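So the chains spell out like this:
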Amino acid sequence: MLCFHVCAGEIFELKAELNSDKKEKKKEAVKKVIASMTVGKDVSALFPDVVNCMQTDNLELKKLVYLYLMNYAKSQPDMAIMAVNTFVKDCEDPNPLIRALAVRTMGCIRVDKITEYLCEPLRKCLKDEDPYVRKTAAVCVAKLHDINAQLVEDQGFLDTLKDLISDSNPMVVANAVAALSEIAESHPNSNLLDLNPQSINKLLTALNECTEWGQIFILDCLANYAPRDDRESQSICERVTPRLSHANSAVVLSAVKVLMKFMEMLPKDLDYYGTLLKKLAPPLVTLLSAEPELQYVALRNINLIVQKRPEILKHEMKVFFVKYNDPIYVKLEKLDIMIRLASQANIAQVLAELKEYATEVDVDFVRKAVRAIGRCAIKVEQSAERCVSTLLDLIQTKVNYVVQEAIVVIKDIFRKYPNKYESVIATLCENLDSLDEPEARAAMIWIVGEYAERIDNADELLESFLEGFHDESTQVQLQLLTAIVKLFLKKPTETQELVQQVLSLATQDSDNPDLRDRGYIYWRLLSTDPVAAKEVVLAEKPLISEETDLIEPTLLEELICHIGTLASVYHKPPSAFVEGSRGVMHKRLPARTGSLVSVIPSHTLSFFLGGDIGGSAAMGAGFGAVPAVMPASLNAPMGGGLGDLFDLGGGVGMPLGAYIPPKTVWLPAMKAKGLEISGTFARRAGVIQMELTLTNKAMSVMTDFAIQFNRNSFGLAPAGPLQVLSPLSPNQTIEVSLPLSTVGPVMKMEPLNNLQVAVKNNIDVFYFSCQYPISMLFVEDGKMERQVFLATWKDIPNENESQFQIKDCHLNSDAASNKLQASNIFTIAKRTVEGQDMLYMSIKLSNGIWVLAELRVQTGNPNYTISVKCRAPEVSQCVFQCCEAVLKN
Amino acid sequence: MISQVFILSSKGDHLIYKDFRGEAGCDAVNKFYEMVTTLTGDQPPVVMKHKELHYVHIRQGGLYWVATTKADSSPFTIIEFLNRLTALIKDYCGCLSEKSVRMNFALIYEVLDEVVDFGYIQTTSTDILKNFIQTEAVSAKPLSLFDLSNVGLFGADTQQNKVAPSVAATRPIMSSRGEQGGKNEIFVDVIERISVVIGANGVLMKADIEGEIRVKCYMPSCSEMRIGLNEEFSIGKSQLRGYGAAVRVDECSFHQAVRLDEFDTYRILKLCPSQGEQTVMQYQLCDDLPTAPPFRLFSSIERDTGGRLLIYLKLRCDLPPKRSVLHLNNNPALPLFSYSLFSSLSQELSSPDQSAELQPQNKAVHWEIPRFPGGAQLSALFKLEVPGLSSASLQEVGSISLSFELPKYTCTGLQIRFLRLSPIQPGASQRWVRYVTHSDSYTIRI
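Presented here is an overview of the structure given in this document. (Residues numbered from 1 in each chain as written. Chains lettered and ligands numbered in written order. Predicted model: local features only at pLDDT ≥ 70, side-chain atom pairs only at ≥ 80, totals over all residues. Heavy atoms only, no water.)

A count of helical and extended segments in chain B gives six helices and 25 strands. In chain B, 69% of the contacts between residues at least 6 apart in sequence involve partners at least 24 apart. For chain B, the accessible surface area stands at approximately 17,800 Å², while carbon and sulfur atoms represent 51% of it. (Helix = DSSP H or I, 4+ residues; strand = E, 2+ residues; numbered from the N terminus. Contact = heavy atoms within 4.5 Å. Areas by Shrake-Rupley, 256 points an atom, 1.4 Å probe, with all protein chains shown as cover.)

Before going further, it helps to spend a moment on the pattern of salt bridges. Going through the model one piece at a time under the given rule, you end up with 67 salt bridges over all chains. The partner of Lys27(A) in a salt bridge is Glu24(A), with the nearest N and O atoms 3.5 Å apart. Of this pair, Lys27(A) and Glu24(A) both sit in helix H2 (residues 23-38), three residues apart, which is roughly one turn of the helix. The class for Lys27(A) is buried, based on a relative accessible area of 9%. For Glu24(A), a relative accessible area of 48% corresponds to the partly exposed category. Linking Arg193(B) and Glu210(B) is a salt bridge whose minimum nitrogen-to-oxygen distance equals 2.9 Å. In this pair, Arg193(B) sits in strand S8 (residues 184-198) while Glu210(B) sits in strand S9 (residues 204-217), placing the two residues 17 residues apart along the sequence. The exposure class of Arg193(B) is partly exposed, given its relative accessible area of 30%. (Salt bridge = Lys/Arg side-chain N within 4 Å of Asp/Glu carboxyl O. Buried < 20%, exposed > 50% of the residue type's maximum accessible area, 1.4 Å probe, protein only.)

All names here are of chain B. Regarding helix H1 (residues 27-37), the residues found buried are Ala28, Val29, Phe32, Met35 and Val36. The arc that holds every buried residue of H1, seen down its axis, measures 130 degrees, which confines them to one face. Contacts made by the buried residues of H1 are with strand S1 (4-8), strand S2 (14-19), strand S3 (47-50), strand S4 (53-60) and strand S5 (63-69). (Arc of directions from axis to C-beta.)

With 83 residues of chain A at the contact, the number on the chain B side is 85 residues. Between chain A and chain B, a total of about 7,500 Å² is buried, with carbon and sulfur atoms accounting for 57% of that surface. Its largest share of buried area at the contact with chain B, chain A owes to Trp213(A), Tyr324(A) and Leu566(A), together 10% of the area lost on that side. At the boundary of chain A with chain B, the tally comes to eight salt bridges. Residues Lys323(A) and Glu210(B) are paired through a salt bridge, measuring 3.7 Å at the closest nitrogen-oxygen approach. (Buried area = accessible area lost by both parts, 1.4 Å probe.)

Evaluated as defined, the whole model comprises 31 aromatic pairs over all chains. Relative to Phe681(A), the ring of Trp666(A) lies with its centre 5.3 Å away and its plane at 40 degrees, an arrangement referred to as tilted. Taken together, the residues span a long stretch of sequence, with Trp666(A) in strand S1 (residues 664-667) and Phe681(A) in strand S2 (residues 675-684) at a distance of 15 residues. Of the two residues examined, Trp666(A) and Phe681(A), each falls in the buried class. Against the face of Phe418(B) rests Arg420(B), its NZ or CZ located 3.9 Å from the ring centre. (Phe/Tyr/Trp six-rings, centres within 6.5 Å; stacked < 30°, edge-to-face > 60°. Lys NZ or Arg CZ within 6 Å of the ring centre and 35° of its normal.)

Bringing the sheet that holds strand S5 (residues 717-718) of chain A into the picture now. The five strands lie next to each other as S1-S2-S3-S6-S5 (chain A), forming an open sheet whose pairing is antiparallel. The open sheet has two edge strands, S1 and S5 of chain A, and neither has a second partner. (Pairing = 2+ DSSP bridges.)

This part covers the packing of helix H26 (residues 474-490) of chain A against helix H28 (residues 513-528) of chain A. The relative placement of two packed helices comes down to the angle between their axes together with the axis-to-axis distance. Residues and elements named next belong to chain A. Packing of H26 against H28 leaves a shortest axis separation of 10 Å and a crossing angle of 10 degrees. Here H26 is positioned roughly parallel relative to H28, judged by the angle of their axes. In this structure, H26 uses Gln477, Leu478, Leu481, Thr482, Val485, Phe488 and Leu489 to contact H28, whose residues at the interface are Asp514, Leu515, Arg518, Gly519, Tyr522 and Leu526. The residue makeup of the contact of H26 with H28, split by class, is eight nonpolar, three polar and two charged. (Axes fitted to C-alpha atoms, helices over the stretch in contact; angles between N-to-C directions. Parallel < 35°, antiparallel > 145°, perpendicular 65-115°, else oblique. Nonpolar A, V, L, I, M, F, W, Y, C, P; charged D, E, K, R; others polar.)

To continue, consider the sheet that holds strand S7 (residues 754-760) of chain A. Residues and elements named next belong to chain A. Spatial ordering of the open sheet is given by S4-S7-S8, a layout of three strands whose pairing is antiparallel. Sheet topology places strand S4 (706-709) and strand S8 (765-771) at the edges, where each strand pairs with a single neighbour. Averaged over all adjacent pairs, the angle separating strand axes in this sheet is 25 degrees, with direction ignored. Taken together, the four bridges between S4 and S7 define a ladder with antiparallel strand orientation. Bridging from a neighbouring strand, Phe709 pairs with Val757 of S7.

Remember that the coordinates give geometry; whether it matters functionally is a separate question.
Have a look at this one:
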């Protein structure tokens, strides 16, 4: 704060006035003091004089003095004690206004010593006959808790507060709920609010009677309740629905939050579900007629709602059309929602609008509008042709930034619909010279390289770019390199010189490691095996996905639980921006009864492939397309010297051994006439081994050992005889390693990894069963290609997905990935969202079953979440146990 | 939960600063001003963040009204609250200005104390608050009926200030306590905002009306007010009753104090108005306007032999002849020419009281028509010299936007049938009913 020094004279003057006998003069003096305080002047020197004015029956003066006290008590704790007596006396005043005022002010004085004196008056006020005093006291408990939580618990204020939830006055109920909600947040595990059907019923009743602000507290509190079944959730929804027509948008949004959350539990075929969906649309539309500030916040929320339940607003496209006088930030949000709602039914209307927007004045908005046209083309296949022709019209205008933006999106359209719109290339080439933004240049170069065989003068065009190679941005340089190599592979005879030139520019004259490495890779590839080069460079690229910028579903679920809060405006979970322990609890939508929570709906998996298939939303990375695919596809044909250069995708980790569980006793000596067998399983160099320790605890020598397995789930069988060559004398121990094959007879066991073994020796035949870690069945070639992974994940139905928690694991995601890899659990991709690392992993079992998994690691949180998806869901549990064992060792 | 509330003048002076939870320092005020003044155009200013503190603000009366929070609070709550706070303070102080806030700081602190406690919003209703507030308002402006410098009725200046004494609406609600002769007045305003998009082919592409009924009450004792709307008023598509002159809206929401027991049958709103201003009813109508949109425009754009751009506009007002439009601004946007310098604009307008000018910063031509009688037709020809004009660039001429105000007119046709107060007010009470339609976004594409 800027502290102006008040000159001594002024202080002296005020002092005199404060001590005046005349009430009016006193009041004016206190006012002056407060005016100085507001502008940041230090008037703490007047503390004793102001406190002296406290004992007055003039309410106006009293309020002013209290205002002063709240501000300065903290800096003058000793003097603040002087005021305590008056406070305590005021708490007994016959006038409820004064009682409430005293309690309110005392709670605001954040001085420890004062809190001791506060307890008794507060206890009385909590039971006061006047609701105004009670509601003020309820808030005061929260204030006190903030200063000294222990004191509040010891004094039993929390119980009194809980009782106030059943108060007859709705204002009191609302404040009690607000105070309890806040206190509960700092004790995540306490059952303070104790929401049960009875208390919910009380809250719902109070909801109808209290002020709009109280309704918000109550609705927010309701949103935290988990109904027992769909019946209960429907009845709550029914009682909350009338709030949707409230004039206060905050009430509406809190109601929307409750409904969106509880709707999750309703079966979709229920009539009521459809009714509810219909009821949600009008209030959301109404929000758009509010002030721009509210509109913006509303649009950010609608953006989330549209992603979660597009059906709510699918008929309301028109309300998102921009008005010319909307502020730019509102326009951009509206555009985003328009694209999310675009479908075959309304695409013509949307396109007509977008085309109009592209002629507006604001450059940012025009750019986004052009981009939006491209996104429509990718999203709605039937409209692609119309979009392309719209874009061509726009290119004709020759407005520089429109042309550039259009070229960037046309590149994306080519990625989505290869070999369909090549006729427009000629038009694009005409505008080559006007491109000055790297993104547009890179896009154009990509197009030229990709369709080099159809552009007669492709070599000339690319050559012209090559002249200023060193002045280009990295993005353009990389693209140019790839484009020329493509051209060379397509027209080897004429372009030898060009490719030499670009390779030497990239490898010798550049100090950018990305560019150099890519140059070297191409160079060696071209010189060692042109056929392989062709396969790699001209490989078919994956089609880009339509949903490029959806919010990742787990995050979306969490954000839906926070509708109407700051989280929904930032589109970040509260833990990302709220400090300390408050609010770190991750909220989840309730599961629909009878079905598992699907953690990753397949359509958004495209995310983890990052730039490879991302559209222009992820443009920066988008151009990495060709090289990023390369390492994976190169591994097979090349190997050898280059192999290690390419093996980047595999994760650069230290060679760790596969996880081998410690030996356990399988057959105690007691049960087997003196033979004790302990053992474990291991996978070494691709061979499964059963490692046994045989101990002779009997008095006689043991010979003639043999082993047999019963039929088991994965067809494990000994691959050779049990190698116990010499007889086993008493008290002798021998280590035997038995190689196993997986071609034996199969029978499903319970549990799945159970193995029944028979061991024979000269004395008898003994039976025991043991469980093997399923990880020894994970084969070395279990690394799935990214695209295959994506397709497989989509393909496996969501019911096959199960989710587990791994507790107390203190590895970071890279260490975890390395550890898992040593046990043939391969990380295919990694993505980081909001400090949460997501590892996507694949596993192949010896019998050819693929298991896909997603591991989520939150920095600083020792609990991991793993989701396992497999066509044979029975193995999920075993796989999870394995991962847990691997990670913890 | 609100952590602090403060009010800043447009120059960044601290007018009011109130800390509710002691979790953030008062350096937040200066930080806020620094952030809000360095925002670039496309950054949404609504919610800003610095370190752990989130700032939500609105601008009203040339002042910044800011609330900060540390928790994941609801921005809706905060924005609604700030809007209510401005309304409250306007009610208490008469008008919103730096001066009135400065003069009434003690009152505003008192209001803030009652309205928010420990960051929890308690109430914003004047009815409840009047029991607690002790401080008298200091009126920032001496009341004078001759002071016509501030004739804004609804934010826009009007020349029809005979409609209602506009100064009367800017006095504090409570100040009448002192002077017994204070007028018993009540204002009921029906305000509609129309947004229209007319396509290049003249087809009406979109037409929305947002309306509200606002009551501003100065009466200290008014137990019940009954507002009668058109009897054939209907909500939603299904409720249309026959043909007739039905007034229809799509959606309707009411202030929570409104009792609707007579609404279904008689279309009467019953309420006990609290002192001060409140929005009693809000409604919307999309697409299905009862009448044609008020303006039609015929345009032609061509290039003459000298390479000049010719824009010929003919504007027709389709309102009944009795009505007239005030302050029509007409902005053909011309984004194409952002790169070239205009060398000149020459114009031919159909009457002398109109004016037109080129606004290079907006890339638009601004045509202003002070008064436009219903049924009339005006035309204008603009000649622009644009270096390097090509025929393709004619496509780039953007749309035309109109802004206007239609006094004594509602596009939906909503009317107040009657306004009854009970008990019968002692002394002379005055009741004013005013109608106005504003343009929100009226766009005609060419």
